[in-house]
Amino acid sequence: MLKTQTDWPEPIIRVQSLSEGCKDSIPERYIKPPIDRPFVQNSCYDGINNIPIIDLGGLNGDDLDVRGSILKKISEACREWGFFQIVNHGVSHDLMDKARETWREFFHLPMEVKQQYANSPKTYEGYGSRLGIEKGAILDWSDYYFLHYSPFSLKDYNKWPSSPPSCREVFDEYGRELVKLCGRLMKVLSINLGLEEEKLKNAFGDEIGACMRINFYPKCPRPELTLGLSSHSDPGGMTMLLPDDQVAGLQVRKFHHWITVNPAPYAFIVNIGDQIQVLSNATYKSVEHRVIVNSDKERVSLAFFYNPKSDIPIEPLKDLLTPERPALYPPMTFDEYRLFIRMRGPCGKSQVESMKSPI
Ligand code: OGA
Ligand code: NI
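All values reported here derive from a predicted model rather than from experimental measurement.

Conventions adopted
- Residues numbered from 1 in each chain as written.
- Chains lettered and ligands numbered in written order.
- Predicted model: local features only at pLDDT ≥ 70, side-chain atom pairs only at ≥ 80, totals over all residues.
- Heavy atoms only, no water.
- Salt bridge = Lys/Arg side-chain N within 4 Å of Asp/Glu carboxyl O.
- Helix = DSSP H or I, 4+ residues; strand = E, 2+ residues; numbered from the N terminus.
- Buried < 20%, exposed > 50% of the residue type's maximum accessible area, 1.4 Å probe, protein only.
- Pairing = 2+ DSSP bridges.
- Axes fitted to C-alpha atoms, helices over the stretch in contact; angles between N-to-C directions.
- Core = buried A, V, L, I, M, F, W, Y, C linked by side-chain atoms within 4.5 Å.
- UniProt positions renumbered as here; feature names shortened; annotations may be inferred.
- Near = heavy atom within 4 Å.
- Polar contact = N/O pair within 3.5 Å; in protein donor to acceptor, adjacent residues only side chain to side chain.
- Areas by Shrake-Rupley, 256 points an atom, 1.4 Å probe, with all protein chains shown as cover.
- Nonpolar A, V, L, I, M, F, W, Y, C, P; charged D, E, K, R; others polar.
- Donors = N, O, S within 2.8 Å, 3.2 Å for Na, K, Ca; no water.
- Contact = heavy atoms within 4.5 Å.

A. Spotlight on the pattern of salt bridges. Tallied over the entire structure, the rule returns 23 salt bridges. A salt bridge links lysine 187 to glutamate 198, with the shortest nitrogen-to-oxygen separation between them at 3.5 Å. You can see lysine 187 sitting in helix α5 (residues 167-192) and its partner glutamate 198 sitting in the loop between α5 and α6 (199-203), a full eleven residues away along the chain. Overall, the relative accessible area of 32% leaves lysine 187 in the partly exposed class. Where salt bridges share partners, they join Asp97, Arg100, Glu101, Arg104, Asp244 and Asp245 into one cluster.

B. Local environment of the sheet that holds strand β8 (residues 250-254). One open sheet holds the four strands; their spatial order is β6-β11-β8-β9, and the pairing between them is antiparallel. The outermost strands of the open sheet, each flanked by one partner alone, are β6 (229-232) and β9 (257-260). In this sheet, neighbouring strand axes are inclined to one another by 25° on average, regardless of whether the strands run parallel or antiparallel. By the bridge criterion, four bridges tie β8 to β9 in an arrangement that is antiparallel. What sits directly across from lysine 254, in β9, is histidine 257.

C. Broad picture of the nonpolar core. The biggest cluster of nonpolar side chains holds 70 residues, and the ones touching the most others in it are Ile74, Trp103, Tyr174, Met240 and Phe268. Ranked by residues supplied to this core, first place goes to α5 with eleven residues.

D. Focus on the UniProt feature "domain: Fe2OG dioxygenase" (unreviewed entry) in the protein. Per the UniProt record, "domain: Fe2OG dioxygenase" (unreviewed entry) is annotated on residues 207-308. With 6% helix and 43% strand, residues 207-308 has end C-alpha atoms that lie 8 Å from one another.

E. Region of the structure containing the site of ligand 1. Every one of the 14 residues lining ligand 1 counts as a neighbour, but Asn215, Tyr217, His289, Arg299 and Ser301 are closest to it. Separating an oxygen atom of ligand 1 from a side-chain N or O atom of histidine 289 is a distance of 2.9 Å. Contact with the protein chains covers 96% of the free accessible surface of ligand 1, which is 290 Å². At the level of elements, β5 (209-217), β6, β11 (289-291) and β12 (299-307) are the ones that each hand at least two residues to the shell around ligand 1. Counted by class, the shell around ligand 1 contains seven nonpolar, four polar and three charged residues.

F. Examining the coordination of the nickel ion (ligand 2) more closely. Within the first shell, the nickel ion (ligand 2) binds the protein through His232 (NE2), Asp234 (OD) and His289 (NE2), at distances of 2.1 Å. Counting along the primary sequence, the residues that act as donors to the nickel ion (ligand 2) give the motif H-x1-D-x54-H. A residue pair is termed long-range when its members are at least 10 positions apart, and aspartate 234 in the loop between β6 and β7 (238-242) and histidine 289 in strand β11 qualify at 55 residues. On the accessibility criterion, aspartate 234 (5% relative accessible area) is buried. A residue is classified by how much of its surface remains accessible, and histidine 289, at 5% relative accessible area, is buried.

G. Examining the pairing of β8 more closely. Among the five residues in β8, four count as buried, and that is most of the element. Bridging between β8 and β11 involves three bridges; their strand directions are antiparallel. Counterpart to glutamine 251 in the pairing with β11 is arginine 290. In this antiparallel pair of consecutive strands, β8 and β9, the connection spans two residues, and phenylalanine 255 shows a positive phi of 50°.

H. Main features of the pairing of β12. The buried fraction of β12 amounts to nine of the nine residues, a majority that puts the element mostly inside the structure. Side chains Arg299, Ser301, Ala303, Phe305 and Asn307 of β12 all project onto a buried face; the interleaved residues Val300, Leu302, Phe304 and Tyr306 project onto the opposite face, where all are buried too. Direction of pairing for β5 relative to β12: antiparallel, over a ladder of nine bridges. Bridging from a neighbouring strand, methionine 212 pairs with phenylalanine 304 of β12. Across five bridges, the pairing between β7 and β12 is antiparallel. Bridge assignment links threonine 239 to a residue of β12, and that residue is phenylalanine 305.

I. Spatial organisation of the sheet that holds β7. Across the sheet, which stays open at both edges, the eight strands sit in the order β1-β2-β10-β7-β12-β5-β4-β3 with mixed pairing between neighbours. Each edge of the sheet is formed by a strand with only one pairing partner; in this case those strands are β1 (53-55) and β3 (126-128). Adjacent strand axes in the sheet meet at a mean angle of 25° when their direction is disregarded. Each of β3, β4 (143-150), β5, β7, β10 (268-272) and β12 is contacted by helix α3 (residues 93-107), which is oriented at about 130° to β4, the strand it contacts most. Packing of α5 onto the sheet brings it into contact with β2 (83-87), β4, β5, β7, β10 and β12, and relative to β12 it is tilted by some 55°.

J. Molecular detail of the environment of alanine 77. Tracing the sequence through the fold places alanine 77 in helix α2 (residues 64-80). Take alanine 77: its relative accessible area is 3%, and that puts it in the buried class. Sequence separation of alanine 77 and tyrosine 284 is 207 residues, and the distance between their C-alpha atoms is 9.7 Å. Ignoring sequence-local partners within four residues, the contact set of alanine 77 consists of Pro52, Ile54, Gly82, Phe83 and Phe84.

This is the structure:
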C-alpha cells in the first residue's frame, strides 16, 4: 500500500519566482514531452467549441416543465461531457468576485509571507508548487493553495492565510454557499440516475468532505512547451470551478481533442470526479482535463472539491447493478484512493481505469 510521505523529494521552487526571473526560456524540468504539449489548432471538435452552459434558474421553482428541461440538460451533459457550466446558480456574483480577488491578492503578497504556509505531502494543506513526490518528475507551471472546509474536524483556521484580512471570512461564506449548491446538484444527479433524490448524497456519508485548491498560473515565456496542470481527472466526487474572469486556460478532453473552455460570465464549471464514476458504476464518467498557460497573463482559479466522507468504503450503488452490469469497481475509501494522485501527481485517468474489477 502507498504510504504518505512527510517531505518533498527536492527543494521546492515557486513557479511565480521562476516566472519573474525568466525572460525567454523555462527550466527543463517544466518542459513536457512533445506528445503532452498543448496544441492550439486541435481545440475545436466538429464545430463544438465549448462545454454545455446550463441555466439553473427555475430548478427549484413551480414550473415542472422548466425543471424537467433543466434535469434533462444536466443528464445529457453528465453523460456526454462529464463537464458543464452553470449560470443562475444562486451564489452571489459579489461573493464570487470577492473570493477570486482575495486569493489573487494572497498570491501577490511578498514571498516570505506566503512561505509561512508552505505545505508538505503529508496533508497538502497550505501553499504548494507540486503534486506528487516522485524525484525528478517533470513539473507543472503553477503554484497553489490547498485547504479543507469540511468535515469540521479538518477545518483549521490556522492553516488558512490570515492575510488578506478578509480571507477567512470570505472563504467561510464561499464554502457554505458551495456546499449548498453542490447538495442541490447531487439531488439532480441522483434523480437523473433513477434513484431516490437523497441516495447519492447519502452514499457520501454523514459528513461530506469539502476542500479547495486555489490555482495560480504565472505568466510563462514558453507556453507551447509546458502545461499549467497536466491531464488528470479529479479524484473526488464533484468539482465546482470558479475560473479566472479574464483569461481562459482549462481544456477538457473530448475523444482525442482538447476543447478550451470559454467561461460564461459568473458561471461555475462543474465536473464529475472519480468517486461519482465509481458510485454510478460508470454511468457517469469523470473526464480528463488540463490547463494551458500563456505568456502575457497570469491566471487564478478556485477549484472546490465536494467529496465523500473520507473513511467509508465507496463502491457502485447496489440499486444500479444488474446481472448484465455487475459492479465494475471494488470498494475503496476516498482516503486510500486519493493517495495515488498525491504520490504520483496528475496522470490522466490511469487510476480509476486501473481499479476496474476483472469480470
Ligand atoms: C483542478 C483543476 C482547472 C483550472 O484544480 O483540479 O482542474 O482551470 N483546475 O485551474
Ligand atoms: Ni481538476
